[in-house]
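Okay, here's what each chain looks like letter by letter:
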Amino acid sequence: MNESQADNIIQSYETDSITALRSDLDKLRPKPYTWLIQWLMCLTTIGAILYIAKVDLLVEQNFVWLLLLFVAIGFSHRDDYLAHKRIDLVIKLLDKNAFHKRS
């Protein structure tokens, strides 16, 4: 086996590896309107609690718990958003690395 064949095999392996990584990373991207689905599930849960337990939200303690729930959901959404931004950055770095190896 000469050197050019070995280089071609190595380059083919690297390309296949990068393609597989890219495919796996693309699967981790968020689906469209995921945030809307999360908020609808939250509001449905709150509605079910209000319907079943007949809780009055205007009572100060219940209103504070409701606000804390929304704050917790907001922090969770921010963590998800940052995780997806990191995934996008890894994809960009992977593409940039693959481009430089081809050159």
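Residues numbered from 1 in each chain as written. Predicted model: local features only at pLDDT ≥ 70, side-chain atom pairs only at ≥ 80, totals over all residues. Heavy atoms only, no water.

Trainee: Can you walk me through the overall build of the protein chain in this structure?
Mentor: When helices and strands are counted, the protein chain shows 3 helices and 0 strands. Taken from the N to the C terminus, the helices and strands of the protein chain come in the order α-α-α. The C-alpha radius of gyration of the protein chain comes to 24 Å, more than 25% above the 13 Å expected for a compact globule of 103 residues. Its C-alpha atoms put the protein chain at 80 × 20 × 15 Å along the principal axes. Relative to its full complement of 103 residues, the protein chain shows a buried share of 10%. Within the protein chain, counting contacts between residues at least 6 apart in sequence, those at least 24 apart form 76% of the total. Just so you have it, the protein chain exposes about 8700 Å², and 66% of that area is on carbon and sulfur atoms. Across the protein chain, the 12 positively charged side chains and the 12 negatively charged ones have centroids separated by 4 Å. (Helix = DSSP H or I, 4+ residues; strand = E, 2+ residues; numbered from the N terminus. Rg over C-alpha atoms; globule rule 2.2 N^0.38 Å. Buried < 20%, exposed > 50% of the residue type's maximum accessible area, 1.4 Å probe, protein only. Contact = heavy atoms within 4.5 Å. Areas by Shrake-Rupley, 256 points an atom, 1.4 Å probe, with all protein chains shown as cover. Lys, Arg positive; Asp, Glu negative; His and termini not counted. Charge placed at Lys NZ, Arg CZ, Asp CG, Glu CD.)

Trainee: Would you explain the layout of surface pockets in this entry?
Mentor: Unfilled space is identified by rolling a water-sized probe across the atoms. The space that makes up the largest pocket amounts to roughly 190 Å³. Pro 30, Thr 34, His 77, Tyr 81 and His 84 are, among the 13 residues lining the largest pocket, the residues nearest its centre. Of all the secondary structure elements, the ones that give two or more residues to the lining of the largest pocket are helix 2 (34-53) and helix 3 (60-102). The dominant element in the lining of the largest pocket, judged by the number of residues it contributes, is helix 3, at 6 residues. For the lining of the largest pocket, a count of residues per class yields 5 nonpolar, 4 polar and 4 charged. (1 Å grid on protein atoms, 1.4 Å probe; cavity = no way out; pocket = protein on both sides within 12 Å on 5 of 7 lines; lining within 4 Å. Points joined across faces, edges and corners; volume = space filled by probe spheres on them. Nonpolar A, V, L, I, M, F, W, Y, C, P; charged D, E, K, R; others polar.)

Trainee: Would you mind going over a nonpolar patch on the surface with me for this structure?
Mentor: A grouping of Tyr 33, Trp 35, Leu 36 and Leu 40 is seen on the molecular surface, where their side chains present a nonpolar patch of about 450 Å² in accessible area. For Tyr 33, a relative accessible area of 57% puts it in the exposed group. (Patch = residues over 30% accessible without salt bridge, like charges linked within 9 Å, V, L, I, M, F, W, Y side chains within 5 Å. Salt bridge = Lys/Arg side-chain N within 4 Å of Asp/Glu carboxyl O.)

Trainee: Is there a simple way to think about the nonpolar core in this case?
Mentor: Within soluble globular proteins, side chains that are nonpolar generally end up buried alongside one another. Core analysis: the biggest nonpolar cluster contains 5 residues, these being Ile 18, Leu 25, Ile 87, Ile 91 and Leu 94. Only helix 1 (3-27) and helix 3 provide two or more residues apiece to this core. A total of 3 residues in this core trace back to one element, the largest contributor, which is helix 3. When neighbours within four sequence positions are excluded, Leu 94 is seen to be in contact with Ile 18, Leu 21, Arg 22 and Leu 25. (Core = buried A, V, L, I, M, F, W, Y, C linked by side-chain atoms within 4.5 Å.)

Trainee: What is the right way to read the packing of aromatic side chains from this model?
Mentor: Both the distance between ring centres and the angle between the ring planes are used here to describe each pair of aromatic rings. Under the definition given, this model contains 1 aromatic pair. Taken together, a centroid distance of 5.6 Å and an interplanar angle of 35 degrees make the contact between Trp 39 and Phe 70 tilted. Separated by 31 residues along the polypeptide, Trp 39 in helix 2 and Phe 70 in helix 3 bring together distant segments of the chain. The exposure class assigned to Trp 39 is partly exposed, which follows from its relative accessible area of 29%. (Phe/Tyr/Trp six-rings, centres within 6.5 Å; stacked < 30°, edge-to-face > 60°.)

What is shown is where atoms sit, not what they do.
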